[in-house]
Amino acid sequence: MLRKPDSALLIVGHGSTVNPDSSAPTYGHAAEILRRKVFGEVHCAFWKEEPSLRQALHLIDRQEVYIVPNFISEGYFTRTIIPRELELTGTITQRDGRTLKYCEPVGNHSRMTELLLHRAATVAPAAPPGETSLFIVGHGTSLNDHSAAAARREVERIRERGLYAETFNAYLEEAPLISKWDELSTQPNVVVVPFFIADGLHSSQDIPVLLGLEAETGEAASDRRLFRKNPHQLRGRTLYYASSIGTEPLLAELILDQVAAFDAANSP
């Protein structure tokens, strides 16, 4: 079992200046890891919230720091923004008497498929998989093609298992559009899992409108019972809408796994 009492863990999230739910999963996973007493210190930092990435290392006392990006895919933020803001020079950075170890983003973990299936089964326990269409929903657009590719990868892995009658990737801003879910699917039951880290603007406000669950964008997810109203009878189907995969409590284990994977890949 992973034990690093002399090391610190820094979990890096995107954050938001407008949605209070954006940072909540990152803080939740940090609290769970701290409860397990794996690390001597556990901290969070964000691109769009306090504490900022440039403040993060000033909060940490330990000399060895593992940095895990709490992002759904590897892309601009993990390859450019985080290394720049934390002044990382590579996978391992030696600076000011510290060793900074930059791990893979949590969304790259192979067990993400397992978490998606767990979330789908939990939100729709009464829906027989053989009579169910599963949608994994990403953002899409050429500006965010890494997350779209990650969603396609997960759908291919789920299809290979043959658990659901149909499995689709769908997007907010590129085809196949999640707004056309009833045209894309044929099964009586439909399960929709947002492939996002937090229940922010997209999963709590945009997707419900695109699905037809709501007529207009509402409040933040923390201000209403959005994900407790399942199932929905809509367009002749029984639809189940899950909260974002990043809110899954089991994600804390994937964060720890990324630390263990870093050690395995960089051992002498």
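Residues numbered from 1 in each chain as written. Predicted model: local features only at pLDDT ≥ 70, side-chain atom pairs only at ≥ 80, totals over all residues. Heavy atoms only, no water.

For this particular structure, what's the right way to read the pairing of strand β4 (residues 92-95)?
Regular strands show a simple pattern: their side chains alternate between the two faces of the sheet. Note that β4 and strand β5 (residues 98-102) share four bridges and pair antiparallel. From the neighbouring strand, arginine 95 faces β5, where its bridge partner is arginine 98. The antiparallel pairing of β4 with β5 creates a hairpin that spans two residues between the two strands, and aspartate 96 there sits at a positive phi of about 55°. (Pairing = 2+ DSSP bridges. Helix = DSSP H or I, 4+ residues; strand = E, 2+ residues; numbered from the N terminus.)

When you look at the packing of aromatic side chains in this model, what are you seeing that I'm missing?
The geometry of an aromatic ring pair comes down to the distance between the two centres and the angle between the two planes. With the rule as written, the count across this model stands at six aromatic pairs. Pairing tyrosine 27 with phenylalanine 46 gives two aromatic rings, centres 5.3 Å apart and planes at 55°, and the pair type is tilted. Of this pair, tyrosine 27 sits in helix α1 (residues 24-35) while phenylalanine 46 is found in strand β2 (residues 39-46), placing the two residues 19 residues apart along the sequence. Note on tyrosine 66 and phenylalanine 262: the rings are 6.0 Å apart at their centroids and 85° apart in plane angle, and the pair reads as edge-to-face. Of this pair, tyrosine 66 sits in strand β3 (residues 64-69) while phenylalanine 262 sits in helix α8 (residues 251-266); the two residues are 196 residues apart in sequence, bridging distant segments of the chain. A network of ring pairs unites the aromatic residues Phe39, Tyr66 and Phe262 as a single cluster. (Phe/Tyr/Trp six-rings, centres within 6.5 Å; stacked < 30°, edge-to-face > 60°.)

How should I be thinking about the sheet that holds β2 in this particular structure?
The pairing of strands in a sheet happens through backbone hydrogen bonds and is either parallel or antiparallel. Strands sit in the order β2-β1-β3-β5-β4 across an open sheet of five strands; the sheet is mixed. Of all the strands in the sheet, just β2 and β4 have a single pairing partner and so form its edges. Pairwise comparison of adjacent strand axes, ignoring direction, gives a mean angle of 20° for this sheet. Where strand β1 (residues 4-13) meets β3, six bridges bridge the pair, whose relative direction is parallel. Across the sheet, the residue bridging to isoleucine 11 is valine 68, located in β3. Packing of α1 onto the sheet brings it into contact with β1 and β2, and relative to β2 it is tilted by some 175°. Packed onto the sheet, helix α3 (residues 76-86) meets β1, β3, β4 and β5 and runs at close to 170° relative to β5. (Axes fitted to C-alpha atoms, helices over the stretch in contact; angles between N-to-C directions. Contact = heavy atoms within 4.5 Å.)

Could you clarify how one ought to interpret the environment of lysine 48 in this entry?
Summarising the element assignment, lysine 48 is placed in the loop between β2 and α2 (53-56). Placed 137 residues apart in sequence, lysine 48 and serine 185 show a C-alpha to C-alpha distance of 37 Å. Not counting chain neighbours up to four residues away, the residues in contact with lysine 48 comprise His14, Gly15, Ser16 and Thr17.

Bear in mind that shape data such as this cannot, by itself, settle questions of function.
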